[in-house]
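Reading the structure
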Amino acid sequence: MKKDYSIIVGGAAGQGSRKAGLIIAKIFKKLGYFVYIYDDYQSLIKGGHNFSQIRISDEFIAGRREKIDVLVAFDKKTIDLHEKDLNTKGILIFNKNKNPEEKGIGIDADSIVKHLQGKPIMANTAMIGGFLKIIGINWSIAKNVLEKEFGEKDNLNMEIAKQAYDSVNTLTKIEKSKAKNPEYLMTGNEAAALGATKAGLDIYYAYPMTPASGILHYFAEHEKDLGVVTIQPENEIAVANEAIGSAYAGKRTMVASSSGGFALMSEAICLSAISETPVLFVNSQRMGPATGVPTYSGQSDLLFCINPGPGDFENFVAAPSNSEESAIWTGNLLNWSWKYQTPSILLLDKELSEGTFSVSKNIFKGIRKEKELLWNKKGEYKRYSITESGISPLSFPGTKDALIKTSSYEHDESGLTVEENEAIITAMQEKRIRKFEEMKKIADSEDAIKIYGNKKSKIAVISWGFTAGAVREASENLGLKFVQPILMSPFPVKQMIKALQDVEEIILVENNTTGQLGVLMAMNGIYADKKVLKYTSRPFTIEELEDRITKAMKV
Amino acid sequence: METKKINLDTNCPNTWCPGCGDFGILMAFKQAVTSMIESGTPKENIVITGDIGCSSKIADYLGLNSFIGLHGRSISLAEGIKMGNPDLKVFAFLGDGGCLDEGISHLIHAAKRNTDITVIMHNNRLFALTTGQFTAVTPKGLKTRSTPSGSIEEPLNPLELLIASNASFIARAYSSRIEDVKNLVLEGAEHKGFSFIEILQPCVSFYNTIEFYNERVYYSQNPNLESKESALKLAREWNYNGEGRIPLGVMYKTDRPVFESETLSLVPRKEDFEKCLKTHS
Ligand SMILES: Cc1ncc(C[n+]2csc(CCOP(=O)(O)OP(=O)(O)O)c2C)c(N)n1
Ligand code: SF4
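Residues numbered from 1 in each chain as written. Chains lettered and ligands numbered in written order. Predicted model: local features only at pLDDT ≥ 70, side-chain atom pairs only at ≥ 80, totals over all residues. Heavy atoms only, no water.

1. Some details on the interface of chain A and chain B
As a reminder, the rule being used: Contact between two residues is taken to exist if any of their heavy atoms lie within 4.5 Å; hydrogens are not considered. Summed over both partners, the accessible area lost on bringing two parts together, with a 1.4 Å probe, is the buried area. Each salt bridge in this description consists of a side-chain nitrogen of Lys or Arg and a carboxyl oxygen of Asp or Glu lying within 4 Å of one another. Counting of polar contacts relies on pairs of N or O atoms within 3.5 Å, with two restrictions inside protein: one atom must be capable of donating a hydrogen and the other of accepting it, and residues adjacent in sequence are counted only when both atoms are side-chain atoms.
The interface is formed by 57 residues belonging to chain A together with 51 residues belonging to chain B. When chain A packs against chain B, close to 4,300 Å² is buried across both sides, 60% of that on carbon and sulfur atoms. On the surface where chain A and chain B come into contact, there are 4 salt bridges. In this structure, Asp225 of chain A and Lys275 of chain B form a salt bridge, with 3.3 Å as the shortest nitrogen-oxygen distance. Counting every contact that joins chain A to chain B gives 23 residue pairs in polar contact (both at pLDDT 80 or more).

2. Quick word on the site of ligand 1
Rules: Nearness of a residue to a molecule or strand requires only that one of the residue's heavy atoms be within 4 Å of it. For accessible areas, the Shrake-Rupley method is used with a probe of radius 1.4 Å. Any residue's cover is judged against the shown protein chains and nothing else. Secondary structure elements follow DSSP: runs of H or I no shorter than four residues count as helices, runs of E no shorter than two count as strands, and numbering proceeds from the N terminus.
Around ligand 1, the structure places 17 residues, and the nearest of them are Cys54, Ser55, Gly97, Gly98 and Asn124 of chain B. Residues near ligand 1 are shared among chains A and B, making this a multi-chain site. Cys54 of chain B has a polar backbone atom sitting 2.8 Å from an oxygen atom of ligand 1. Take Gly98 of chain B: an N or O atom from its main chain is 2.8 Å from an oxygen atom of ligand 1. For ligand 1, the protein covers 78% of the area, taking 580 Å² as the surface of the free molecule. By residue number, the principal contributor to the shell around ligand 1 is helix α3 (residues 96-102) of chain B, which donates 4 residues.

3. Re the packing of helix α7 (residues 188-198) of chain A against helix α8 (residues 213-221) of chain A
All names here are of chain A. So the rule is basically this: Axes, fitted as lines to C-alpha atoms, cover a helix only where it is in contact. Angles between the N-to-C directions of the axes lie from 0 to 180 degrees. For classification purposes, an angle smaller than 35 degrees is called roughly parallel, one larger than 145 roughly antiparallel, one from 65 to 115 roughly perpendicular, and anything else oblique. Should the near helix be turned anticlockwise from the far one by less than a right angle, the crossing is termed left-handed; should it be turned clockwise, right-handed. When residue character is reported, Ala, Val, Leu, Ile, Met, Phe, Trp, Tyr, Cys and Pro are called nonpolar, Asp, Glu, Lys and Arg charged, and the others, Gly included, polar.
Packing of α7 against α8 leaves a shortest axis separation of 8 Å and a crossing angle of 55°. Here α7 lies oblique to α8, going by the angle between them. In this structure, α7 meets α8 at a crossing whose hand is right-handed. Side by side, α7 and α8 meet where Asn189, Glu190, Ala193, Leu194 and Thr197 of the first sit next to Gly214, Ile215, Tyr218 and Phe219 of the second. A per-class count over the contact of α7 with α8 returns 5 nonpolar, 3 polar and 1 charged.

4. Observations concerning the environment of Asn50 of chain A
Residues and elements named next belong to chain A. Put simply, the test is: When accessible area is computed with a 1.4 Å probe and restricted to protein chains, residues below 20% of their type maximum are described as buried, those above 50% as exposed, and intermediate ones as partly exposed.
When you line up the elements, Asn50 lands in strand β3 (residues 49-57). The class for Asn50 is buried, based on a relative accessible area of 19%. Beyond its immediate stretch of four places on either side in the chain, Asn50 contacts Val9, Gly10, Gly11, Ala13, Gly14, Ser17, Asp40, Tyr41 and Gln42.

The structure is reproduced here in C-alpha cells:
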C-alpha cells in the first residue's frame, strides 16, 4: 500500500516551528520520500500561532490532508487547535515541561535544554530529537541531517537533540521509501529564482511584499553564488521602470510583487509592451482585493494578469502548480520575453511561493538561456524595423554605428515619436499583432497543459495554479480525468479542446469567488458545467475536494 | 587631421513653441555632448532618458541613444540603464512636473543612493504639455488652468530638498545662458555620482518668465562646495515665489561612494549555481 503520512509541527510565532518542519522534511527526504510542506502563519511577528504540515508519500504530492498522523506541539495552543485532526491511531508529542497534564508522549524539552545550558528556543531541537526516536528514525540518519542543519560546530544543539532522542521510546517505525528519491526540497519562490538564473537572469529588482518576498530574500542571500545582482528600490514603480531600463541596456531582468504591489507596475507592463523591452514580472498573488489576506491563499488575479494594463497588447502568463513547474516556467517565460520582446507574467500564489515541494535533479539541467534575435550589424539600425514575424532585431546602447531609440509613445521604425502619420501608427500596431500571432504558436506547444488521471473518464476536472496539485490527486482518487492549463496567455485553446473532446461534464475547481479560469475558458469557447469554489483564504484539502467534487457530480 | 562632423540631429519635426526655453537647453546640450565626444567619450556610450512633457521631447530631437519612458519615471529608467551597463553615460531629462510631482520619490532616492546619472530638470514651473496646470514649484497665487483663482499652495524648494537628500552634485542654470548650461552639463556629467541640474526654462505659452529671470539671475559659485550650510544659504536666496535674486552655478559638490560600483562589487564574476542547489539537498 502507498505510504502517506502527515505531521503537524506547531508553536507560537517565533518558536521556530517552520525551521523544525523543514528539518523533519529533510530527514524524510533522506529516507527517499516525496515531501510537501504547507506553512501556515499570520501577518505578525510575535504572538500568533504558526504551524507546518509535512506530508510524505512515495508518490509526488502537492496538497495537504485533513487528518494527521503525528502532532508535534511546542505549545498548548497547538494541541488545542490540532488535536482534533489526529487519526485514531495518531500520536501527540508535546513539551512535558510546558503541559504536564497532557495525554500523549511528553518530552522534557525545557529541562534538557536547561540542563545543557542552552537557550529556551532550543527546546524545539529537543522536540525534534524526541520525535525522531518516537517514529523510529535511526540516530545515524538523524545525526547526518541535523549536523548539516545546525552546522558542524554547533555541539550544543546536537547534544540537546541526542539527549531528547535517548529520553523516549520508539512507538512506530516509518520505513525507508522505495520512491525515486527526489533530489531537492524547495519552495516555489526558490525554484522560480533558480529557474530564472538558469535562463540567464542578470538583475533582480523587488520591493518586499508577502508572499513574493521569499524571492528577494533568496536572491539577496545567494547573490554571490548565483551572480544575480539584487536590488531593492524605493517602490514597485521604480522596480518595474529600473528593470525596463536595465533590459534596454541588454540585461535580463525580473521583478516580483504580490497583487496590490503588482498592480502598481501596471503602467510599466504597458511600457514594456509598447517599447518591446523584455521584462519578466512575477505576481505571487494573495487573497485580494487590495491588502486582502496577506499570508493566506487565493487565486483572484488571473484575469488581471491576462489584461494587466490599458492598450491593445498580449503578454505571456503562466501559472505553475509546484516547484518543478515554477522553475521550468520561470525559465520559459524569461526566454520567451526575450525571444518575443514582450512582458511576461509568472503567476504564483501564496501556497506555491511558500510551500515546499520535492524537485527532481534533472529539472535544472533542462533550463538554459536561449539566444534572443540580435542585429546583424549590416546597414542602418532601426530598433523597430518592420519584419514579417513582427520581431525586430535587438541592439543595445554602446553598439558602434547604431542609434537605439526606444519609446513609450507610438513610434516609427527608428523609434521616433509619431502622432500625425496614420500609416506608420497602423503599421506599428500590426507589427506587434504579428508578434502576438507568433506567441500563440507557443500555446500550441505540448507543455502548455497537463492531463492526468483516468483519461477515459467522461467527467473532467479542471484546475490551475497551486490548487491543481490537490485537485489532481483528488480526481485521480475518484477515477476522473484531470486537466491543468499552465500557460494562461496566450490560452492553449486547441489543446484544451482536444483534451476535453470526449468529455461530457466539466467541473472547475478554483480558490476564488468568481471562477476566473471559467471566465477565461468561456472567452475561448469552453464552458464549465459546474464550479467548486473555495474562498476562505485557506487551500483545499484532499478530503474536502473528494467530497465536494463527488457532490458536484451528483447535482 | 580631419575630424568627422558630429551629427546630433534627427528628422523628427520640432513641435516646441517658438521662443520656448527648451531650444536653449537643446542647443547647450548638443554643445556639451559634442565636446564630450571630442574629448573621447564614444557617442554610442551616451544615453538619454525622457519623461513625458514638452521638455522630454528633447530625446526625439537628439541623434543619441534614447528611451522616452513614462511620466515621472525618467530617473528610474536612467538608473536601470546605468546599472545594466555602467560604462554608459546616462542623462535623465524631465520637467518639474515629472520630477517633483509624479516622480519625486525617485528623485530623492536616486540622490540618496548616489546613482551615477545626471538629472536635467527643465523648470518651467508648471505642467506645460497638458496646457498649463500648477506643479510643486508654481508660485503661490499663480493662475493656471487648474487654479483659476490662483494657486493656494506654497512652492517647494527643490534644491533644499536635494541637499537634504544628500545629492552629491547640485547646480542651477538658466536656459537663456547657453554657455553656462553647457558648462554645467559637462561638470555634472564628469561628476562621479548623482548630479542634479535645474534649468530655469521660461514657457512662453503658459508662464512667460523671461523678463523675470533676466532681472534676477546672477552667477554665484559656492565658495565652499562641500559645505551644506553655504549650499543651503544659496538655495534659500530664492523661494520660487516672488522677489529676491536667483543664484546660478554649482551649489554643492562632494565625493562619496557610487551606488553602481558598490552594488556590483558585491557580485563576483564566477557563479556557483551547483553550490546553491546543494543547500536544497
Ligand atoms: C501617468 C501620467 N499622468 C499624466 C500624464 C499627462 N501628462 C503629460 S505631460 C504632463 C506634465 C508635464 O509637465 P512637466 O513634467 O513639468 O513637463 P513640461 O511639459 O512642463 O515640460 C502630464 C501630467 C501622463 N502622460 N502620464
Ligand atoms: S508649451 Fe511652454 S514649455 Fe511647451 S513648448 Fe510651448 S513654450 Fe515650451
